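Chains, contacts and geometry: an overview
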Amino acid sequence: MGAFFLMKHFDYIVVGQGLAGTLLTHRLLKLGKNVLVIDKLREITSSKVALGAYNPMVLKRFTPCWNVENQIQPLYDFITEFEKEFKVTIHQPVKLWRLFNSVQEQNLWLEKSEKIRLQPFMNPNFISNPHKSIIADFGFGEVNHSGRVLLTKMINVFRNKLKNNSCLLDESFDFSQFTSTESSVTYKSYSAAKIIFCEGHRLTLNPYFNYLPLMRTKGELLTVRIKDVNITEHIKSSVSILPLGDDKYKIGATFNWDEKDELCTDKAKEDLLQRLASIVKVPVEVIKQEAGIRPTVKDRRALIGKHPKHVNMYVFNGLGARGLLISPLLSKQFVDHLENGNPLDPEVNINRYEEEYPC
Ligand SMILES: Cc1cc2nc3c(=O)[nH]c(=O)nc-3n(C[C@H](O)[C@H](O)[C@H](O)COP(=O)(O)OP(=O)(O)OC[C@H]3O[C@@H](n4cnc5c(N)ncnc54)[C@H](O)[C@@H]3O)c2cc1C
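Position numbers for residues count from 1 along each chain, tracking the sequence in the order it is written. Per-residue local features of the predicted model are confined to residues with pLDDT of at least 70, and side-chain atom pairs are confined, for both listing and counting, to 80 or more; whole-chain, interface and lining totals are unaffected and use all residues. Excluded from the side-chain calculation are hydrogens and water; included are all heavy atoms of the structure.

1. So, unusual backbone geometry
Look at the link from Gly252 to Ala253: it is a cis peptide, with omega at -15°. Strands are runs of DSSP state E lasting at least 2 residues, helices are runs of H or I lasting at least 4, and numbering of each runs from the N terminus. By secondary structure assignment, the location of Ala253 is in the loop between β17 (248–252) and α6 (266–277). The backbone of Ser166 sits at a positive phi, close to 55°, despite the residue not being glycine. By the element assignment, Ser166 lies in the loop between α5 (151–164) and β10 (168–169). Residue exposure (1.4 Å probe, protein chains only): buried if accessible area is under 20% of the type maximum, exposed if over 50%, otherwise partly exposed. By relative accessible area, Ser166 is classed as exposed at 54%.

In structure tokens form, the structure reads like this:
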């Protein structure tokens, strides 16, 4: 008698449970969908290394982020819902201060804060420097609607739920055990109506979607101890100083488009410490260094949508350097598309890269 395998059926298989996979699966489960998540547990992923900060502005030029007015509320809604459902705190509403380097920057801040699109996000009143240990002769501008989400905690809490519900496979997705037909997909002894790949920078190893132009940008950051400076704001200058409590701060991050590994380098450490020394006058002790790869895209827009040939295969990726701000709205729109056929925003739909797909 031949071996008999009992196939377990799901509505969706989601591959990858970083920020992208977590948000998407959370929304699908809310709709009562049956989801299998396949995620290889790794200590280093973009989501786990990230500062987890969100901020509605590009602070180099004092401009609003892409589509930001539609993104803030879905982010707050997601945080509130998640905290309520899991009875955990993941949100830290930290004030964000942009350090001014000159009178010209102060003037530009004032000018920009009168613009309709920027009014909700910019406090026009300058803040004079309250920190003796920080060099900020021109003071700061305060950004409204900014803060931090504890991404690792959020991912771990959600992973536990998946584990408890027996819908998590902790393994690397093995493409040799995967098939897709017009009506369903099959992976080992599991089948599903649809599969969604949320692999972050590892999309480049996915034989179905690696035609997409994922650039991958390495970022390194430090955790340091700076004694008795008592900085409670997230300070943005040539470097970010994010308070963690207990005299600890995250300092980051670098942007490196050439290196594609997750290894920490002395070069990045020196670079961050040098930039920090131009603002902070007191000694700094390095406690930890981390490196990760951001899933960035050539045109700086996410990569969402259906495979050009395989009708049950989808991707949700390319969240870039601001994944936290953009992913709550994008995951909502994507689920609306999957479940109700609502059109995707053309700016993020992967059909914009159909010409790159090898026939
Ligand atoms: C240094 C640094 C700082 C950052 N700071 C911020 C910030 O402050 N704010 C912000 O919004 N964004 C920040 N980002 C960007 C942010 O991290 C990303 O936008 C976002 O986390 C990407 O999430 P993701 O789920 O797409 O990818 P990932 O977090 O990489 O998750 C992918 C998951 O898929 C799994 N996986 C991949 N391939 C497979 C496979 N074949 N089989 C099984 N599992 C697989 C991985 O193990 C992982 O768990 C930062 C990034 C870096 C590197």
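2. With respect to a nonpolar patch on the surface
On the surface, Met215, Phe255 and Trp257 cluster together into a nonpolar patch covering about 310 Å² of accessible area. For Met215, a relative accessible area of 33% puts it in the partly exposed group. For patches, a residue must show more than 30% relative accessible area and have no salt bridge; joins then use 9 Å for like charges and 5 Å for nonpolar side chains, namely Val, Leu, Ile, Met, Phe, Trp and Tyr. For accessible areas, the Shrake-Rupley method is used with a probe of radius 1.4 Å. Any residue's cover is judged against the shown protein chains and nothing else. The working definition used for a salt bridge is a side-chain nitrogen of Lys or Arg within 4 Å of a carboxyl oxygen of Asp or Glu.

3. Focus on the pattern of salt bridges
According to the stated counting rule, one finds 19 salt bridges in the structure shown. With a shortest N-O distance of 3.2 Å, Glu285 and Arg225 are connected by a salt bridge. Residue Glu285 is located in strand β18 (residues 285–294), and its partner Arg225 is located in strand β14 (residues 217–225); the two are separated by 60 residues in the primary sequence. Judged by its relative accessible area of 41%, Glu285 falls in the partly exposed class.

4. A look at the sheet that holds strand β8 (residues 140–143)
Note on sheets: strands pair through backbone hydrogen bonds, and any given pair is parallel or antiparallel. By definition, two strands form a pair when at least two bridges between them are found by DSSP. Strands sit in the order β8-β7-β15-β16-β17-β14-β18 across an open sheet of seven strands; the sheet is mixed. Among the strands making up the open sheet, the edge pair consists of β8 and β18. Pairs of neighbouring strands in the sheet enclose a mean axial angle of 25°, with direction left out of account. By the bridge criterion, two bridges tie strand β15 (residues 234–236) to strand β16 (residues 240–245) in an arrangement that is antiparallel. What sits directly across from Ile235, in β16, is Ile241. Those strands touched by α6 are β14, β16, β17 and β18, and its axis lies near 55° from that of β14. Orientation is described by lines fitted to C-alpha atoms, with helices fitted over the stretch in contact, and by angles between N-to-C directions that extend from 0 to 180 degrees. We call two residues in contact whenever any of their non-hydrogen atoms come within 4.5 Å of each other.

5. Considering helix α7 (residues 323–340)
Look at α7: 24 Å from first C-alpha to last across 18 residues, which is about the 26 Å you get at 1.5 Å a residue. Buried within α7 are the following residues: Gly323, Leu324, Leu325, Ile326, Ser327, Pro328, Leu329, Leu330, Ser331, Phe334, Val335 and Leu338. Just downstream of α7 lies Gly341, where phi reads positive at about 75°. How far a helix is expected to stretch is found by multiplying one less than its residue total by 1.5 Å.

6. A closer look at the site of the ligand
Think of it this way: one heavy atom of a residue within 4 Å of a molecule or strand is enough to make that residue near it. Taken together, 36 residues are adjacent to the ligand, and Asp39, Arg42, Ser47, Ala53 and Gly320 come closest. Distance and chemistry together define a polar contact, namely a pair of N or O atoms within 3.5 Å, with one atom able to donate a hydrogen and the other to accept it when in protein, and with adjacent residues in sequence counting only for side-chain atoms on both sides. Measuring from an oxygen atom of the ligand, one finds a side-chain N or O atom of Arg42 at 2.7 Å. A distance of 2.8 Å separates an oxygen atom of the ligand from a polar side-chain atom of Ser46. Coverage of the ligand by the protein chains reaches 96% of its 1,000 Å² of free accessible surface. Sorting the residues of the shell around the ligand by element identifies α1 (19–30), α2 (46–49), β14, β18 and α7 as the ones contributing at least two each. In terms of residue count, α2 provides more of the shell around the ligand than any other element does, three residues in total. When its residues are assigned to classes, the shell around the ligand shows 15 nonpolar, 13 polar and eight charged. Of the domains in this structure, domain 1 (8–49 + 152–213 + 300–356) and domain 2 (93–149 + 215–294) are the two that each give at least three residues to the shell around the ligand. Note that Gly is not counted as nonpolar here; it falls among the polar residues with everything else outside the nonpolar set of Ala, Val, Leu, Ile, Met, Phe, Trp, Tyr, Cys and Pro and the charged set of Asp, Glu, Lys and Arg. Residue ranges assigned to each domain were obtained from an automatic or database domain assignment.

7. Quick look at the state of the cysteines
Cysteine pairs can be covalently joined through their sulfur atoms, and such a bond is termed a disulfide. Pairs of cysteine sulfur atoms within 2.5 Å are identified as disulfides in what follows. Using the criterion set out here, one finds zero disulfides in the structure. For the unlinked cysteine Cys167, the closest cysteine sulfur is that of Cys198, found at 14 Å. Among the residues examined, Cys167 registers a relative accessible area of 8% and is labelled buried.

On their own, these measurements won't tell you what the molecule is for.
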